[in-house]
Structure formats: C-alpha cells, structure tokens
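# Commentary on secondary and tertiary structure
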Amino acid sequence: MTEEPCQCSDCKRFYKEHDRLIREFPTFKQQQELNWASIQSFRTLSSKVADELQKQLSERHSNENLNSTDKHITDIEITEAIEELENVNAYLHSIEALMERIFDSKLSQSIEFKFKEIAQELAPDPFNVDRIILNRLFHQTPDLPDKNSFN
Ligand SMILES: [Zn+2]
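## Considering the coordination of the zinc ion
- Coordination sphere of the zinc ion, protein contribution only: Cys 6 (SG), Cys 8 (SG) and Cys 11 (SG), at 2.2 to 2.3 Å.
- One chain supplies every donor to the zinc ion, and in sequence these donors are spaced C-x1-C-x2-C.

This is how it looks when you write it as structure tokens:
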C-alpha cells in the first residue's frame, strides 16, 4: 500500500512546481542548465542584497541619516540579515562546486530521448487536449459519486 502524499497547500504548490520543471525542462541538458541558472541567480540576488544592506549599515553609522527611507529596518535586523545571507551564499557556493561536477556529465541523444519520454510520463501536460477532454467527460457524468469515495 502506497502512502498518500501530503495535500496541504504548500505541498500542492511544490508538486505543481516540481512537475512543471520536469515538463518544461525534460532533458538532462536542460535540467543541468536550469539548476545552474537557478543557483547562480539565487546567489547573485542574495549577494547584491547583502552588499546593499552592508552599505546601508555603514552609511547610517557615518551620517546618522534619520531621514533615510529605510529607517523602518533596524540595525539589528540588518546585521542579522547580512549574517543569514552570508551563510546562505556559502552554502550556495558549495552547491555550485558540486554542480560543476554534474556539468561534466554528458548524455547521448538517444538517452536524452529517454529523458523526454519519462518526463512525459511523470508530468503530463495538464492542458493537453486529450486530458482536458477526459476531465470534461469525467466532470459531466451526472451520477458521479463523491470524489472522496474514489480513494
Ligand atoms: Zn504538506
């Protein structure tokens, strides 16, 4: 007997995103590029924010600018955030090093075809015409019992 996957809204959002990434990036190469880009963009953004916070913090201490538009953020909040972001960036840096190793792998066209095939099985397109028709038929069945009784 298989265990029911959690159906809370966070998990549902995760399943949806997970499937979308398989459907939209169905090859080994696309997954490599996608993951590389996502780690890089995460690190770029986090570093930039950490730099800005650092700048903001030192400016505050140099001219005690009380008219600052960001004065609703406290010094402690900024210091903690910088620390947090530095930790995250260190982790991302380690992941990047591992990703470089993953980037060394290459697969042949026929194996890439297998990837596409399996991707379609794992994450079929919810807007696929056949599937929409099937769903519509399903929902039109007049004496359809309660959905829960199907489980
Ligand atoms: Zn959950």
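Further notes follow.
## Here we look at the nonpolar core
- One finds Ala 50, Leu 53, Leu 57, Ile 78, Ile 82 and Leu 85 forming the largest nonpolar core, which totals 6 residues.
- Looking at this core, the elements with two or more residues in it are α2 (28–63) and α3 (75–103).
- When residues no more than four places from it in sequence are discounted, the contact partners of Ile 82 are Ala 50, Leu 53, Gln 54 and Leu 57.

## Describing the packing of aromatic side chains
- Under the counting rule described, the total for this entry stands at 3 aromatic pairs.
- Judged by centre distance (6.2 Å) and plane angle (70°), the rings of Phe 14 and Tyr 15 are edge-to-face.
- Of the residues examined, Tyr 15 reaches a relative accessible area of 28% and is grouped as partly exposed.
- A centroid spacing of 5.7 Å and a plane angle of 70° characterise the contact between Phe 28 and Phe 115, whose relative ring orientation is edge-to-face. In this pair, Phe 28 is assigned in helix α2 and Phe 115 in helix α4 (residues 109–122), connecting sequence segments 87 residues apart.
- When its relative accessible area of 18% is taken as the criterion, Phe 28 is described as buried.

Reading the values: rules and limits
- Residues numbered from 1 in each chain as written.
- Predicted model: local features only at pLDDT ≥ 70, side-chain atom pairs only at ≥ 80, totals over all residues.
- Heavy atoms only, no water.
- Donors = N, O, S within 2.8 Å, 3.2 Å for Na, K, Ca; no water.
- Core = buried A, V, L, I, M, F, W, Y, C linked by side-chain atoms within 4.5 Å.
- Buried < 20%, exposed > 50% of the residue type's maximum accessible area, 1.4 Å probe, protein only.
- Helix = DSSP H or I, 4+ residues; strand = E, 2+ residues; numbered from the N terminus.
- Contact = heavy atoms within 4.5 Å.
- Phe/Tyr/Trp six-rings, centres within 6.5 Å; stacked < 30°, edge-to-face > 60°.

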